[in-house]
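Analysis of the macromolecular model
What follows is the residue order along each chain.
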Amino acid sequence: MKTITNAMPNRTGKPRKTLISARRQTPFYLMMAPGLIFVAILSYFPMVGVIIAFKDYNARDGIFGSPWKDPLFKNFEFFFKSDLAKSVTFNTLFYNLIEAVAVTVCALALAILLNEVKNKFVSATYKGSILLPTFLSWIVIQFILFSLLSVDRGIVNNMITNNGGEAIYWYSEPSYWRYILPIAYLWKNVGYYSVLYVAAIAGINTDYYEAAQLDGASKWQRIKHITLPLLQPTIIVLSLLWVGKLFNGGLGDWNGFYTLANDAGALYSTTDVIDTLVFRSLKKVNDYGMSSAIGLYQSVVGFFLVLISNYIIKKRDPDSALF
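Let me begin by describing the structure that accompanies this report.

Observations concerning the overall build of the protein chain
Helix and strand content of the protein chain: 17 helices and 0 strands. Projected onto the principal axes, the alpha-carbon positions of the protein chain cover approximately 100 × 70 × 35 Å. Counting over 323 residues, the protein chain shows a buried share of 35%. Counted over contacts in the protein chain with a minimum sequence separation of 6, partners at least 24 positions apart contribute 64%. The positive charge centre, built from 29 side chains, and the negative charge centre, built from 20, are 14 Å apart in the protein chain.

Focus: a nonpolar patch on the surface
Together, Ile-37, Phe-38, Val-39, Ile-41, Leu-42, Tyr-44, Phe-45, Met-47 and Val-50 make up a nonpolar patch on the protein surface, roughly 930 Å² of accessible area in all. With respect to the secondary-structure elements, Ile-37 resides in helix H3 (residues 26-44). A relative accessible area of 49% places Ile-37 in the partly exposed class.

A few points about the nonpolar core
With 36 residues, the main nonpolar core has Leu-145, Leu-149, Tyr-171, Trp-177, Tyr-197 and Leu-260 as its most contacted residues. The set of elements that each furnish at least two residues to this core consists of helix H6 (85-115), helix H8 (138-149), helix H10 (177-202), helix H13 (232-244) and helix H14 (254-260). Sort the elements by how many residues they give to this core and H10 lands first, with 10 residues. Those residues within four positions of Leu-149 in sequence are excluded, and the remaining contacts are Gly-154, Val-156, Asn-157, Trp-170, Tyr-171, Trp-177 and Ile-180. Ranked by size, the runner-up nonpolar core spans 14 residues in total, among them Ala-85, Val-88, Leu-277 and Leu-296.

Regarding the pattern of salt bridges
Scanning the model with the defined rule gives 4 salt bridges in all. Its salt-bridge partner being Asp-61, residue Arg-60 comes within 3.6 Å of it at the nearest N-O pair. Accessibility expressed as a relative area gives 35% for Asp-61, which makes it partly exposed. When the shortest N-O distance is used, the salt bridge between Lys-81 and Glu-77 registers 3.7 Å. Judged by its relative accessible area of 63%, Lys-81 falls in the exposed class.

With respect to the side chain of Asn-75
Mapped onto the secondary structure, Asn-75 falls in helix H5 (residues 74-80). Of note is the side chain of Asn-75, whose polar atom sits 2.8 Å from the backbone oxygen of Ala-53. With residues up to four places along the chain from it excluded, the contact list for Asn-75 reads Ile-52, Ala-53, Phe-54, Lys-55, Lys-69, Asp-287, Gly-289, Met-290 and Ala-293.

With respect to helix H7 (residues 120-131)
Taking 1.5 Å of rise per residue, 12 residues should cover 16 Å, and H7 covers 16 Å from first to last C-alpha, within 8% of that figure. Its side-chain oxygen at 3.0 Å from the backbone nitrogen of Phe-121, Asn-119 defines the N-terminal cap of H7.

Description of the packing of aromatic side chains
Using the criterion set out here, one finds 17 aromatic pairs in the structure. Ring geometry for Phe-80 versus Tyr-297: centroids 5.1 Å apart, planes at 80°, classification edge-to-face. One end of the pair, Phe-80, is in helix H5; the other, Tyr-297, is in helix H17 (residues 288-316), with 217 residues separating them in the sequence. Residues Trp-138 and Tyr-185 carry aromatic rings whose centres are separated by 6.4 Å and whose planes lie at 25° to one another, so their mutual orientation is stacked. Taken together, the positions of Trp-138 in helix H8 and Tyr-185 in helix H10 put the pair 47 residues apart, joining distant regions of the chain. The two residues Trp-138 and Tyr-185 agree in class, both being buried. Aromatic rings pair up to connect Trp-138, Tyr-185, Tyr-192, Tyr-193 and Trp-242 into one cluster. In this structure, Arg-178 packs its charged tip against the face of Phe-94, placed 5.2 Å from the ring centre. A cation sits over an aromatic face here: Lys-188 above Trp-138, 5.3 Å from the ring centre.

Parameters at a glance
Residues numbered from 1 in each chain as written. Predicted model: local features only at pLDDT ≥ 70, side-chain atom pairs only at ≥ 80, totals over all residues. Heavy atoms only, no water. Helix = DSSP H or I, 4+ residues; strand = E, 2+ residues; numbered from the N terminus. Buried < 20%, exposed > 50% of the residue type's maximum accessible area, 1.4 Å probe, protein only. Contact = heavy atoms within 4.5 Å. Lys, Arg positive; Asp, Glu negative; His and termini not counted. Charge placed at Lys NZ, Arg CZ, Asp CG, Glu CD. Patch = residues over 30% accessible without salt bridge, like charges linked within 9 Å, V, L, I, M, F, W, Y side chains within 5 Å. Areas by Shrake-Rupley, 256 points an atom, 1.4 Å probe, with all protein chains shown as cover. Salt bridge = Lys/Arg side-chain N within 4 Å of Asp/Glu carboxyl O. Core = buried A, V, L, I, M, F, W, Y, C linked by side-chain atoms within 4.5 Å. Polar contact = N/O pair within 3.5 Å; in protein donor to acceptor, adjacent residues only side chain to side chain. Expected span 1.5 Å × (residues − 1). Phe/Tyr/Trp six-rings, centres within 6.5 Å; stacked < 30°, edge-to-face > 60°. Lys NZ or Arg CZ within 6 Å of the ring centre and 35° of its normal.

Structural data, given as structure tokens:
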């Protein structure tokens, strides 16, 4: 009997180990708690409000007391039957795709260049300089842009007229803003993403570079065969985040589209995105149900884009997928 008892597996061993491990991790769980609570309060609890998209909302009855729409998807008709639906959808996708590619490429290039600067003081100065625009609000950037593009007092027009040219009416010509908006977004955000890539590069083991250097590899070869392949997981994760926000007006920075162009009606054909259309419609119509419907539509499409992108990445490189 004793032999049989000793031979039996200890079924309580695994739970005990799990409990001991959980106790050891308690300080880390406590450190995570404020962030998790913050995300839960600001991101998950408000998700209850998505039902507004299917209701005839009024402030007196509240979210749960307001009557349901009849038909249920009537709020979505506001956007899909709008004459501007095609143009704002195209603008939203166009700007986000351009910004995703431009920011990723430029941020990678900047990060690699910054990694080659060996002087710590100079490197820190460069990082601070390129990161500064990230902390500027779009209102401040609007004033900077207006000082450059103003018809009568703008720096750019003064340079053109001083050289015998004619002043350009930047705020009346929609075609120019296909280039102005991506450049403004790139200038504001490239520093932030470059710092993320710099941090990822700093985590690469220097033994790889030393071994490659001993083998006679040039700097470009080290970048091509060591830096870029080892940055692939970081690039994939950030790219998935971009994909999930392709239907948002500038990745949450839709204020840039609204403020940089001074909400000029002449520029709507090239500066209007889904978020700005909904914002102006909300101001004029004051219908919360319609604006919630478009927000839900953007979120659902973004969610499926992430799933599809993650599925494709998982097929090619399972280790780089999010889940």
